[in-house]
Amino acid sequence: MPDTNPQFVWVDGKPVAWNDATIHITQVGTAGVSSVFEGIRAYWNADQKKLFVFRLDAHLDRFAQSIRLMRMQQTFSHAQLKNAILELVRANQHAEDAYIRPIAFTEAGMFGSAGGDQGRIVINTQAWQSRLKSGKVNHACFSSWTRISDNVMPPRVKASSNYLNSRLAGEEARRNGYDSALLLNANGKVAEAPGACLMLVRDGKLITPSVTSGILESITRETLLEISREWLGLSVVERDVDRTELYASQEVFLCGTGAEITPIVSVDRLPVGNSEIGPVTKKIESVYHDVVRGIDAQCPEWRTEV
Ligand code: PMP
């Protein structure tokens, strides 16, 4: 993470200087309960000297869905937010990989009102270098915490409060010497990692928990399923996944905007395959790397040039 802050934060319709973008101290906690957000990456193409925001429309659609499901008012349209993000990234002069985080929240008190709260919107950006193709790998363990479920705190909504569940699992995993946690859902099936979805390769098939498994409906997951199915001709299966299937897999990896593609080389100290990044993961990572940066020109609708 960079040690300098960007110049501007976008607040309720306009860019505000970083130091002036504040909320009152009494809002700590309560504003967080209502807040929903998005995490979006922009990738720098050094040859073209261009920055591309990846899957911006899909992220804004999911943001609108989170706002709607939390019964907040939509204060800005898709087009206004898209424009705001592009203007903000330009104002902050990112000529590097960057991360963009729109947040919607209300100041209506701890539990919100019944009438649809007036939502406030903040967007911030920061430099964040991609780690695609860096060779980094993770050792993972199953968490003693259960993934939140649709009738408790819907994981489909990208709500900040949901990340208490993620924090508990991630902190436990790191305390026990692992890089990442994996969570089972209330039915005892594999859900996802604290901040990423999960895929496994078994006997040539790419398998991932279905969207009713207690997961965030990940845009990276959807992108990789399409790439794998349509471009790489892989057999792709979305279904319930058992814990022991991960032990029996040849390859396991996490996927998400932040996690990008993170190979998992052991689960509960059992090596996955031969404990190296597997050939299917490598292939998918390579294609994903090229498409997010616009090195591969396919699917131009996935990239918004800044
Ligand atoms: N699950 C959780 C809990 C996450 O926080 C994320 C990151 N947004 C993902 C999955 C991956 O989602 P996406 O690919 O849309 O970033």
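This structure is a prediction, so every number in the text was calculated from the model and none was measured.

What should I look at first to understand the overall build of the protein in this one?
A tally of regular secondary structure across the protein gives seven helices and 17 strands. For 306 residues, the compact-globule estimate of 2.2 N^0.38 gives 19 Å, and the C-alpha radius of gyration of the protein, at 19 Å, lies within 12% of that figure. Its C-alpha atoms give the protein principal-axis dimensions of about 50 × 45 × 35 Å. Considering the protein as a whole, with its 306 residues, one finds that 51% of them fall into the buried category.

Just checking my understanding: could you explain the site of the ligand for this structure?
Around the ligand, the structure places 15 residues, and the nearest of them are Tyr-163, Glu-192, Ser-218, Thr-220 and Thr-257. At 2.8 Å, a side-chain N or O of Lys-158 approaches a nitrogen atom of the ligand. Broken down by class, the residue content of the shell around the ligand amounts to six nonpolar, five polar and four charged.

Hey, could you run me through the domain arrangement of the protein in this one?
A common measure of how large an interface is: the accessible area buried when the components associate. Each domain of the protein was delimited in the assignment, giving domain 1 (8-127) and domain 2 (138-292). Taken together, the contacts link 21 residues of domain 1 with 19 residues of domain 2. Between domain 1 and domain 2, a total of about 1,700 Å² is buried, with carbon and sulfur atoms accounting for 56% of that surface. It is Phe-37, Phe-54 and Arg-62 that lose the most area in domain 1 upon contact with domain 2, and together they represent 34% of the buried surface on that side. For the interface between domain 1 and domain 2, the tally reads two salt bridges. For the salt bridge of Arg-41 with Glu-260, the shortest nitrogen-to-oxygen distance reads 3.6 Å.

What is the right way to read the nonpolar core from this model?
One broad rule of soluble globular proteins: the nonpolar side chains tend to lie buried together. Grouped together as the largest cluster of nonpolar side chains are 25 residues, with contacts concentrated most on Trp-10, Val-36, Leu-81, Ile-85, Ile-100, Ile-121 and Ile-123. One finds Leu-224, Val-236, Ile-284 and Cys-299 within the second-largest nonpolar core, a separate group that totals 24 residues.

Can you help me understand the pattern of salt bridges in this one?
Side chains that differ in sign of charge can pair as their charged atoms come close. Inspection of the entire model under this criterion finds 18 salt bridges. Taking the shortest distance from any N to any O, the salt bridge between Asp-57 and Lys-82 comes out at 3.1 Å. Of this pair, Asp-57 sits in helix α2 (residues 56-69) while Lys-82 sits in helix α3 (residues 78-91), and the two are 25 residues apart along the sequence. Its relative accessible area of 23% is what places Lys-82 among the partly exposed residues. What emerges from the salt-bridge pattern is a single network uniting Asp-150, Arg-156 and Glu-217.

Please explain the packing of helix α5 (residues 219-231) against helix α7 (residues 279-292) as it appears in this structure.
The description of two packed helices rests on the angle between their axes and on the distance between the axes. Taken N-terminus to C-terminus, the directions of α5 and α7 make an angle of 110 degrees; their axes are 11 Å apart at the nearest point. When the axis of α5 is compared with that of α7, the two are roughly perpendicular. In this structure, the crossing between α5 and α7 has a hand that is right-handed. Between α5 and α7, the residues in contact are Thr-220, Thr-223, Leu-224, Ile-227, Ser-228 and Trp-231 and Ile-284, Val-287, Tyr-288 and Val-291, respectively. A breakdown of the residues in the contact of α5 with α7 according to their chemical character gives seven nonpolar, three polar and no charged.

Help me out: how do you make sense of the side chain of Ser-34 in this one?
Along the chain, Ser-34 turns up in helix α1 (residues 30-34). A residue is classified by how much of its surface remains accessible, and Ser-34, at 15% relative accessible area, is buried.

Got a minute to help me understand the packing of aromatic side chains in this structure?
To describe a pair of aromatic rings, you give the distance between the ring centres and the angle between the ring planes. Under the counting rule described, the total for this entry stands at six aromatic pairs. Centre to centre, the rings of Phe-54 and Trp-302 are 6.1 Å apart; their planes meet at 80 degrees, and the pair counts as edge-to-face. Here Trp-302 lies in the loop between α7 and β17 (303-305) and Phe-54 lies in strand β5 (residues 50-54), a separation of 248 residues in the sequence. Aromatic side chains Trp-231 and Trp-302 sit 6.1 Å apart centroid to centroid with 15 degrees between the ring planes, which places their arrangement in the stacked category. Taken together, the positions of Trp-231 in helix α5 and Trp-302 in the loop between α7 and β17 put the pair 71 residues apart, joining distant regions of the chain. Three or more aromatic residues link up through ring pairs in this structure, and these residues are Phe-54, Trp-231, Tyr-288 and Trp-302. The ring of Trp-128 carries Arg-41 above its face, with NZ or CZ at 4.0 Å from the centroid. Positioned above the aromatic ring of Tyr-178, the side-chain terminus of Arg-269 is 4.2 Å from the ring centre.

In this structure, what is going on with a nonpolar patch on the surface? I would like to understand it.
A cluster of nonpolar side chains, contributed by Trp-145, Leu-164 and Leu-168, occupies part of the molecular surface with about 280 Å² of accessible area. Within the element layout of this structure, Leu-164 appears in helix α4 (residues 163-175). Residue Leu-164 is classed as exposed on the basis of its relative accessible area of 54%.

What counts, and where the lines are drawn
Residues numbered from 1 in each chain as written. Predicted model: local features only at pLDDT ≥ 70, side-chain atom pairs only at ≥ 80, totals over all residues. Heavy atoms only, no water. Helix = DSSP H or I, 4+ residues; strand = E, 2+ residues; numbered from the N terminus. Rg over C-alpha atoms; globule rule 2.2 N^0.38 Å. Buried < 20%, exposed > 50% of the residue type's maximum accessible area, 1.4 Å probe, protein only. Near = heavy atom within 4 Å. Polar contact = N/O pair within 3.5 Å; in protein donor to acceptor, adjacent residues only side chain to side chain. Nonpolar A, V, L, I, M, F, W, Y, C, P; charged D, E, K, R; others polar. Domains from an automatic or database assignment. Contact = heavy atoms within 4.5 Å. Buried area = accessible area lost by both parts, 1.4 Å probe. Salt bridge = Lys/Arg side-chain N within 4 Å of Asp/Glu carboxyl O. Core = buried A, V, L, I, M, F, W, Y, C linked by side-chain atoms within 4.5 Å. Axes fitted to C-alpha atoms, helices over the stretch in contact; angles between N-to-C directions. Parallel < 35°, antiparallel > 145°, perpendicular 65-115°, else oblique. Left-handed = near helix turned anticlockwise from the far one by under 90°. Phe/Tyr/Trp six-rings, centres within 6.5 Å; stacked < 30°, edge-to-face > 60°. Lys NZ or Arg CZ within 6 Å of the ring centre and 35° of its normal. Patch = residues over 30% accessible without salt bridge, like charges linked within 9 Å, V, L, I, M, F, W, Y side chains within 5 Å. Areas by Shrake-Rupley, 256 points an atom, 1.4 Å probe, with all protein chains shown as cover.

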